[in-house]
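Overview (structure and organization)
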Amino acid sequence: MSTYAAASVSCLICDTVNNPEATVCSKCYAPMALIHEAIAQEREPCIVTVIGDSNVGKTVYLGMLLDMLTKRAEAFEAIPKGAYSVNLQHQVISYLSARQFPPKTAMEVDTWNWAYYQVSRPQDGPRVYDLVMPDMAGEALAAEVASPRTFAVIRSLLEKSSAAILLVDAAVAAAGSSQPDFFALKLLSYLDGVFAAKRGQKLQTPVALVLCKADYSQKCFDDPEGFAYTNLNRIWNLCDSRFAHFKFFATSVVGGLGYGTDEYENVIPYPLHVAPRGILEPFEWTLSKL
Ligand SMILES: Nc1nc2c(ncn2[C@@H]2O[C@H](COP(=O)(O)OP(=O)(O)OP(=O)(O)O)[C@@H](O)[C@H]2O)c(=O)[nH]1
Ligand SMILES: [Mg+2]
Ligand SMILES: [Zn+2]
């Protein structure tokens, strides 16, 4: 008999009471397997949320991060809780090994991949982090930021998050566009509202700012902080004024790109080889701040 055959189960993310037989939460569509898993652990899981604009590289980053963790990179040990947790890393790695990028994440909440991992690093002590990381669609985030409560799950998730990893497109920023700066500025001001602190105090929730696709800009790798100060000055300033713990990182997943066209004659990049750089650092820093 299962331990959670009790009358009803409340959702880990939005607290809605659900039928124990349900597969997803009736309100926010978080998978109930995740909730059952969390109840079985008998401790509050730690939610780390990866956010960023559409096409910034969230799916690729998260899939690669989870894969590196399960391969014990940097002496981390990560145990996926539930087979569904492996889906994201499985998809991303399969696409990359076929020299393709994974498809865009759909807007529908019930199609998102959620990962639940128990992460520890024995050399640092016995602490185990129960990490919950969903892969959200950038367009859903944009819709939620533009008119709050369109995607209830996003707000509930951020309210429960212990840390956020905000991805920003370094390639687009390096090309002189202000779009990454503005989008990240909106997300940060949304976070500022969600993680409400006492008036006049800085927010204590750590935020790692990850400059992705840094393979396009060597400058970004050499000095992420300076790159952000120059190319993403609006968010640099907001972080400085509002967040007690923030840090900029540069990452890249691919080592070389080839270009081809799809069936509509659009030019699309193909990853020629996978060469992850700077993937673990933001994660390591985030854990050190929890
Ligand atoms: N050069 C380079 N391109 C990358 C890298 N990571 C992602 N990309 C490119 O960015 C595109 C989008 O990556 P995704 O991970 O799907 O982006 P996303 O943030 O999940 O986007 P949504 O699902 O729409 O929210 C990929 O199709 C690649 O073209 C990288 O490390 N280097
Ligand atoms: Mg995606
Ligand atoms: Zn829910």
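Residue numbers run consecutively from 1 along every chain, following the written order of its sequence. In the order they appear in the text, chains get letters beginning with A and ligands get numbers beginning with 1. In view of the model being predicted, local features appear only for residues whose pLDDT reaches at least 70, and side-chain atom pairs are presented and counted only at 80 or more, with totals across whole chains, interfaces and linings using the full set of residues.

1. Digging into the pairing of strand β3 (residues 46-52)
The exposure scheme places C-beta atoms from the backbone and then counts, for each residue, the other C-beta atoms within 10 Å of its own, assigning buried at 20 or more, exposed at 12 or fewer, and partly exposed in between. Counting from the N terminus, the helices are the DSSP runs of H or I reaching at least four residues and the strands are the DSSP runs of E reaching at least two. The element β3 is largely enclosed, with a buried count of 6 among its 7 residues. Should DSSP find at least two bridges between two strands, the strands are taken to pair. Pairing analysis gives 2 bridges linking β3 to strand β6 (residues 128-134), with the strands arranged parallel. From the neighbouring strand, Ile47 faces β6, where its bridge partner is Val132. In this structure, β3 lies alongside strand β7 (residues 161-169), joined through 6 bridges in parallel fashion. Opposite Val48, over in β7, you have Ala163 as the bridge partner.

2. Section: the domain arrangement of the chain
Where each domain starts and ends follows an automatic or database-derived domain assignment. Splitting the chain by domain gives domain 1 (1-42) and domain 2 (44-288). A straight line from the C-alpha centre of domain 1 to that of domain 2 covers 26 Å. Contact between residues is assigned whenever the C-beta positions, reconstructed from backbone atoms, fall within 7 Å. Residue-level contacts link 14 residues of domain 1 with 15 residues of domain 2. As a working rule, the residues Ala, Val, Leu, Ile, Met, Phe, Trp, Tyr, Cys and Pro are called nonpolar, Asp, Glu, Lys and Arg charged, and the rest polar, with Gly in that last group. Taken together, the residues that form the side of domain 1 that touches domain 2 break down as 11 nonpolar, 1 polar and 2 charged.

3. Observations concerning helix α10 (residues 233-242)
Of all the positions in α10, only Ile235, Trp236 and Cys239 are classed as buried. Buried residues in α10, looked at end-on, bunch into an arc of 105°, giving them a common side. Of the exposed residues in α10, those oriented more than 90 degrees away from the buried face are Asn233, Asn237, Asp240 and Ser241. In this structure, the buried side of α10 is in contact with α7 (179-194), β8 (207-212), α9 (224-231) and β9 (246-250). The directions from the helix axis to the C-beta atoms are what the arc is built from.

4. Observations regarding the confidence of the model for the chain
For every residue, the predictor assigns a confidence score, pLDDT, that lies between 0 and 100. Across the chain, pLDDT averages 90, with 97% of residues at or above 70. pLDDT under 50 marks residues 1-5. Its contacts with residues more than four places away, or in other chains, come to 6 contacts.

5. Let's talk about the site of ligand 1
The C-beta atom of each residue is placed using the backbone, and any residue whose C-beta lies within 6 Å of a molecule or strand is treated as near it. Within the structure, ligand 1 sits among 23 residues, and Lys58, Thr59, Phe101, Thr105 and Gly138 are positioned closest to it. Elements that contribute at least two residues to the shell around ligand 1 include exactly α2 (58-70) and β10 (252-261). Per-element accounting of the shell around ligand 1 gives the leading share, 4 residues, to β10.

6. Quick look at the sheet that holds β9
Reading across from one edge, β4-β5-β6-β3-β7-β8-β9 is the order of the 7 strands in this open sheet, with mixed pairing throughout. In this open sheet, the two strands that pair with only one neighbour each are β4 (77-80) and β9. Shown here is a sheet whose adjacent strand axes are inclined to one another by a mean of 25°, direction ignored. To obtain an axis, a line is fitted to C-alpha atoms, over the contacting stretch when the element is a helix, and the angle between two such axes runs from 0 to 180 degrees between their N-to-C directions. Here helix α5 (residues 152-160) sits on the sheet and contacts β3, β6 and β7; the angle it forms with β3, its principal contact strand, is near 130°.

7. Digging into α2
The terminal C-alpha atoms of α2, which comprises 13 residues, lie 18 Å apart, in line with the 18 Å expected from a rise of 1.5 Å per residue. Residues of α2 that are buried: Lys58, Thr59, Val60, Tyr61, Leu62, Gly63, Met64, Leu65, Leu66, Asp67 and Leu69. Following α2 by one or two positions, Arg72 adopts a phi angle in the positive range, close to 60°. Any helix carries an expected span of 1.5 Å times its number of residues minus one.

8. Observations concerning the environment of Glu74
Structurally, Glu74 is set in the loop between α2 and β4. Here Glu74 falls in the partly exposed class, since 13 other C-beta atoms lie within 10 Å of it. The sequence separation of Glu74 and Met107 amounts to 33 residues, and the corresponding C-alpha distance is 34 Å. The residues contacting Glu74, other than those within four sequence positions of it, are Leu280 and Glu284.

9. Thoughts on the packing of α2 against helix α3 (residues 87-97)
Here α2 crosses α3 at 105°, and the two axes come no closer than 8 Å. For the element pair α2 / α3, the angle class is roughly perpendicular. Residues Thr59, Val60, Leu62, Gly63, Met64, Leu66, Asp67 and Thr70 of α2 form the contact with α3, whose own contacting residues are Leu88, Gln89, Gln91, Val92 and Ile93. A class-by-class count of the residues in the contact of α2 with α3 yields 7 nonpolar, 5 polar and 1 charged. Here the word oblique covers every angle except those under 35 degrees (roughly parallel), over 145 (roughly antiparallel) and from 65 to 115 (roughly perpendicular).

10. Considerations on unusual backbone geometry
Even without being glycine, Ala75 reaches a positive phi, approximately 65°. With respect to the helices and strands, Ala75 occurs in the loop between α2 and β4. Phi angles above zero are rare outside glycine, and Arg149 is one such case at about 80°. Within the secondary structure layout, Arg149 lies in the loop between α4 (138-146) and α5.

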